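A look at the structure
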Amino acid sequence: MKPFESPDFMCIDDHLTDDEKMIRETVRQFVSKEVVPHVDDWFMKHEFPKHLIPMFGELGMLGATIQGYGCAGLNYTSYGLIMQELERGDSGLRSFVSVQGALCMFPIAAFGTEEHKKKYLPKMAKGELLGCFGLTEPDFGSNPGGMITTARKDGNEYVLNGAKMWITSGGIADLAIVWAKVPEDNNKVHGFIVDRDRKGFSTRDIAKKFSLNASITSELIFEDCRVPASQMLEVTGLRGPFACLNNARYGISWGALGAAMACYDTALNYAKTRIQFDKPIASFQLVQAKLAEMYTEITKGQLLAYHLGRLKDQGKATPTQISMAKMNNVSWALKISRTARDILGASGITHEYPIGRHMMNLESVNTYEGTEDIHRLVIGEHITGIPAYR
Ligand code: TGC
Ligand code: FAD
């Protein structure tokens, strides 16, 4: 099979540095060799490929943008390219890397003490310690501000009670970044690093998913779980978890392009070789219209992600710009996967091709990290000045 090449209609490659291209190529080869041939099997068996974790570490993918503490200190464009290549393999693997880096290592780096950073980051960068991020609750998804998990102060400890739901990597995590309301601080939201071995902390994996089967999704349960006050992060209010989401959403805007590219590439190759009415179906205008739309939307998504990456590297990217990129690129990736499935006809529903898996994964990606409509409302608020969530 010929090596994968990403579309580059608008010559974005001309603007990438040699280092950025080299990072993309390294991850591309890793995904082609270690992920693509096996991932359908993992997906079918509902298995997360833990054996890849040390390789993620060796390749510098974990906490890739963090400076020092054993992290690669890459720029955000390189990080985006890594996410794109990983998600070409499977959204579940990109999810794992997003959660470890953007949602767990980032808050430790940004809001942790020097002691936290030294204790956790070097091991997390190697994949020796795994993290999960608990914001969503069974009754509070799009509206995390309503959360009912509490962390009551009791002397030099906080006592956590509540549950977090749909938590990526929960079942395998050595630590959880948990967001809870502190009654002694007017119910303001605070973040805690909760080690797996704390008494009163348990997890339960969510089985029988249609989507992200090669990723672990769990419930976190806290029953009078005591954590030392020193495990509290130095940030108050929802801006703490939302700052983490900005980084993860940014990565997803690139990642979704990778899934879209895998579907487009599969559909294009299929259309050129599938004969109906004595001709390749790629020769029919309606099929070409579908391919042209997929190609155009991938190209527009690339421009959005690339420009956002450069803004982020200059410290200029705003949360609303990130919302737009996450919303647009995931929404289009999902539509592209559905169109690709259509081009393959009946073959599109089989596991012989990756499209069905990407399509089902993208349903989750469109929901997590803020649903498509929540991001639409974020943009609506930016335009009108009127928040319309409530
Ligand atoms: P609101 O009153 O607007 O804001 C509260 C405070 O937060 C600040 N803020 C932000 N700060 C940084 N970045 C952002 N993106 C921010 N958005 C808001 C805001 O300035 C304010 O700060 P302060 O200091 O004045 O208090 O909040 P709200 O309660 O009205 O909610 C707004 C809304 C709906 C947009 C927000 O709640 C939202 O984004 N909801 C979606 C929830 C979500 O995305 N959950 C994701 C959970 S994690 C996950 O899905 C991981 S999947 C991982 C994987 O497997 O890849
Ligand atoms: P709801 O908030 O109940 O939304 C249901 C529907 O109502 C959606 O269509 C939504 O757009 C719509 N809706 C809600 N409010 C409004 C409104 N104001 N106006 C218009 N429409 C609205 N969370 C974590 O904290 N950590 C994780 O690691 C994590 N991993 C996940 C992994 C997977 C596989 C999945 C599926 C989810 C994960 N999540 C995680 C949770 C995810 O962030 C939430 O599912 C998401 O925020 C949406 O919440 P919800 O599912 O409760 O849907």
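Summarised in this report is the structure supplied together with it. (Residues numbered from 1 in each chain as written. Chains lettered and ligands numbered in written order. Predicted model: local features only at pLDDT ≥ 70, side-chain atom pairs only at ≥ 80, totals over all residues. Heavy atoms only, no water.)

Topic: the site of ligand 2
Surrounding ligand 2, one finds 17 residues, the nearest of these being F133, T136, S142, W166 and T371. A distance of 2.7 Å separates a nitrogen atom of ligand 2 from a polar atom in the side chain of T136. With respect to ligand 2, the backbone of W166 contributes an N or O atom lying 2.6 Å from a nitrogen atom. For ligand 2, whose unbound accessible area comes to 970 Å², protein coverage reaches 66%. Under a 2 Å grid-point criterion requiring more than half of the atoms, the pocket assigned to ligand 2 is the largest pocket. For the shell around ligand 2, the secondary structure elements donating two or more residues are β3 (157-168), α10 (355-367) and α11 (372-384). Tallied by class, the residues present in the shell around ligand 2 amount to 8 nonpolar, 7 polar and 2 charged. Viewed by domain, the shell around ligand 2 spans two of them, domain 2 (131-236) and domain 3 (240-384), each represented by three or more residues. (Near = heavy atom within 4 Å. Polar contact = N/O pair within 3.5 Å; in protein donor to acceptor, adjacent residues only side chain to side chain. Areas by Shrake-Rupley, 256 points an atom, 1.4 Å probe, with all protein chains shown as cover. 1 Å grid on protein atoms, 1.4 Å probe; cavity = no way out; pocket = protein on both sides within 12 Å on 5 of 7 lines; lining within 4 Å. Sits in = over half its atoms within 2 Å of the grid points. Helix = DSSP H or I, 4+ residues; strand = E, 2+ residues; numbered from the N terminus. Nonpolar A, V, L, I, M, F, W, Y, C, P; charged D, E, K, R; others polar. Domains from an automatic or database assignment.)

Quick notes on the pattern of salt bridges
Using the criterion set out here, one finds 19 salt bridges in the structure. The partner of K33 in a salt bridge is E34, with the nearest N and O atoms 3.3 Å apart. Accessibility expressed as a relative area gives 60% for K33, which makes it exposed. A salt bridge links R357 to D90; its shortest N-O distance comes to 2.7 Å. With a gap of 267 residues between them, R357 in helix α10 and D90 in the loop between α4 (76-89) and α5 (91-111) connect regions that are remote in the sequence. An identical accessibility class is assigned to R357 and D90; each is buried. (Salt bridge = Lys/Arg side-chain N within 4 Å of Asp/Glu carboxyl O. Buried < 20%, exposed > 50% of the residue type's maximum accessible area, 1.4 Å probe, protein only.)

Regarding empty space enclosed by the protein
Scanning the entire structure with this criterion turns up 2 cavities of 30 Å³ or more. The computed volume of the largest cavity comes to approximately 90 Å³. Lining the largest cavity, in full, are S6, P7, D8, I12, D13, L16, R24, L81, Q84, W254 and Q302. Residues belonging to the lining of the largest cavity are distributed by class as follows: 5 nonpolar, 3 polar and 3 charged. In this structure, the second largest cavity encloses a volume near 30 Å³. In this structure, the second largest cavity is lined by L257, A260, E297, I298, G301, N329, W332, A333 and I336. (Points joined across faces, edges and corners; volume = space filled by probe spheres on them.)

A look at the site of ligand 1
Of all residues adjacent to ligand 1, which total 26 residues, the nearest are T168, N246, R249, E369 and G370. At 2.8 Å from an oxygen atom of ligand 1 is found a side-chain nitrogen or oxygen belonging to T168. Here R390 contributes a side-chain N or O atom positioned 3.1 Å from an oxygen atom of ligand 1. When ligand 1 sits alone it has 1,100 Å² of accessible area, and the protein chains cover 71% of it. Of all the secondary structure elements, the ones that give two or more residues to the shell around ligand 1 are α5, α7 (239-273) and α11. Taken together, the residues of the shell around ligand 1 sort by class into 13 nonpolar, 8 polar and 5 charged.

What to know about the packing of aromatic side chains
A complete count under the given rule lists 14 aromatic pairs for this structure. Centroid distance Y76 to Y79: 6.2 Å. Interplanar angle 90°. Geometry classified as edge-to-face. One end of the pair is Y76 and the other is Y79, both in helix α4 and 3 residues apart, which spans about a single turn. Note on Y264 and Y295: the rings are 5.7 Å apart at their centroids and 25° apart in plane angle, and the pair reads as stacked. With Y264 in helix α7 and Y295 in helix α8 (residues 285-313), this residue pair connects regions lying 31 residues apart in the sequence. (Phe/Tyr/Trp six-rings, centres within 6.5 Å; stacked < 30°, edge-to-face > 60°.)

Quick look at the side chain of E85
Within the fold, E85 resides in helix α4. Residue class for E85 comes out buried when judged on its relative accessible area of 1%. Setting aside its immediate chain neighbours within four residues, E85 contacts R24, V27, R28 and V31. (Contact = heavy atoms within 4.5 Å.)

Some points on the layout of surface pockets
In this model, the largest pocket occupies a volume close to 1,200 Å³. Lining of the largest pocket is provided by 42 residues; of these, T136, G141, Y368, E369 and G370 occupy positions nearest its centre. Considered class by class, the residues forming the lining of the largest pocket number 19 nonpolar, 17 polar and 6 charged. Empty space within the second largest pocket amounts to approximately 610 Å³. Lining the second largest pocket are 22 residues, and of these M1, V36, D265, T266 and P354 sit closest to its centre. Of all elements in the fold, only α2 (39-44), α4, α7 and α10 reach the threshold of two or more residues within the lining of the second largest pocket. With 5 residues, α7 is the largest single contributor of residues to the lining of the second largest pocket. Here the lining of the second largest pocket is built from residues that sort into 10 nonpolar, 6 polar and 6 charged. For the lining of the second largest pocket, the domains that each give at least three residues are domain 1 (12-126) and domain 3 (240-384).

Notes on the environment of R226
Mapping R226 onto the fold places it in strand β7 (residues 217-228). Overall, the relative accessible area of 33% leaves R226 in the partly exposed class. With 150 residues separating them in the primary sequence, R226 and R376 have C-alpha atoms 39 Å apart. In terms of polar contacts, R226 uses its side chain to reach the side chain of D154, at 2.8 Å.

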